[in-house]
Amino acid sequence: MWPDAVADALARFEWAFKQPGRYLNASPVWQPGLEVEYARDDLEEAMLHLPRGARRDLGRLIARIDDEFERRTLPDPGPVSERTVGGWWWSRIREH
């Protein structure tokens, strides 16, 4: 993890969730490292390294992020790929 990794990840979700519309838009150009799924990976990684109290606090934020992300995406009906083997958030699709 790098300094401000959690703040960067939270900022990416904050930006994404402020976008208008019911569904999160999918970028027409895939941008590795900039998509919110990568931000969610970063949050998951941070949880592994935090002390119990901080992990509990971040966990509450992540639960709210997950609820909103799930609400604004759709289940991917396609087969499991190498991208979706990670967290459940990789098996969601966004509107184009």
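The structure we're discussing is the one just above.
Reading guide: rules and limits
- Residues numbered from 1 in each chain as written.
- Predicted model: local features only at pLDDT ≥ 70, side-chain atom pairs only at ≥ 80, totals over all residues.
- Heavy atoms only, no water.
- Phe/Tyr/Trp six-rings, centres within 6.5 Å; stacked < 30°, edge-to-face > 60°.
- Helix = DSSP H or I, 4+ residues; strand = E, 2+ residues; numbered from the N terminus.
- Buried < 20%, exposed > 50% of the residue type's maximum accessible area, 1.4 Å probe, protein only.
- Lys NZ or Arg CZ within 6 Å of the ring centre and 35° of its normal.
- Axes fitted to C-alpha atoms, helices over the stretch in contact; angles between N-to-C directions.
- Parallel < 35°, antiparallel > 145°, perpendicular 65-115°, else oblique.
- Left-handed = near helix turned anticlockwise from the far one by under 90°.
- Contact = heavy atoms within 4.5 Å.
- Nonpolar A, V, L, I, M, F, W, Y, C, P; charged D, E, K, R; others polar.
- Salt bridge = Lys/Arg side-chain N within 4 Å of Asp/Glu carboxyl O.

> Lay out the packing of aromatic side chains in plain terms, naming residues and giving numbers.
Throughout the structure, instances matching the rule amount to five aromatic pairs. With centroids separated by 6.3 Å and ring planes inclined at 90°, the aromatic side chains of phenylalanine 13 and phenylalanine 69 adopt a geometry described as edge-to-face. Separated by 56 residues along the polypeptide, phenylalanine 13 in helix H1 (residues 5–18) and phenylalanine 69 in helix H3 (residues 52–71) bring together distant segments of the chain. Each member of the pair, phenylalanine 13 as well as phenylalanine 69, is classed as buried. Members of the aromatic cluster, connected to one another through ring pairs, are Phe13, Phe17, Phe69, Trp88 and Trp89. Positioned over the ring face of tryptophan 89 is arginine 40, at 4.0 Å from the centre of the ring.

> Explain the packing of helix H2 (residues 36–47) against H3 to me, using residue names and the numbers behind them.
For the pair H2 and H3, interaxial distance at closest approach is 10 Å and the crossing angle is 155°. Regarding the angle of H2 to H3, the classification is roughly antiparallel. Crossing handedness for the pair H2 and H3: left-handed. Where H2 approaches H3, its residues Val36, Glu37, Arg40, Leu43, Ala46 and Met47 are matched on the opposing element by Arg55, Leu58, Gly59, Ile62, Ile65, Asp66 and Phe69. Among the residues making up the contact of H2 with H3, the classes are represented as eight nonpolar, one polar and four charged.

> Account for the pattern of salt bridges, with residues named and values stated.
Close approach of charged atoms allows side chains with opposite charge to pair. For the structure on display, the rule yields nine salt bridges. The shortest N-O distance in the salt bridge between glutamate 35 and arginine 94 comes to 2.6 Å. Placement of glutamate 35 in the loop between H1 and H2 and of arginine 94 in the segment after strand E2 (92–93) is noted, with a sequence separation of 59 residues between them. Given the relative accessible area of 18%, arginine 94 is considered buried. Across the salt bridge formed by aspartate 57 and arginine 60, the nearest N and O atoms sit 2.4 Å from each other. One end of the pair is aspartate 57 and the other is arginine 60, both in helix H3 and three residues apart, which spans about a single turn. Residue class for aspartate 57 comes out partly exposed when judged on its relative accessible area of 41%.

> Can you break down the packing of H1 against H3 residue by residue, with the values?
Across the interface, H1 lies against H3 with an axial gap of 11 Å and an inter-helix angle of 30°. What the angle tells us is that H1 and H3 run roughly parallel. Crossing geometry of H1 relative to H3 is assigned as left-handed. For the pair H1 and H3, the contacting residues are Val6, Leu10, Phe13 and Phe17 in the first and Leu58, Leu61, Ile65, Glu68 and Phe69 in the second. In terms of residue class, the contact of H1 with H3 is built from eight nonpolar, no polar and one charged.

Distances and angles like these do not, on their own, reveal function.
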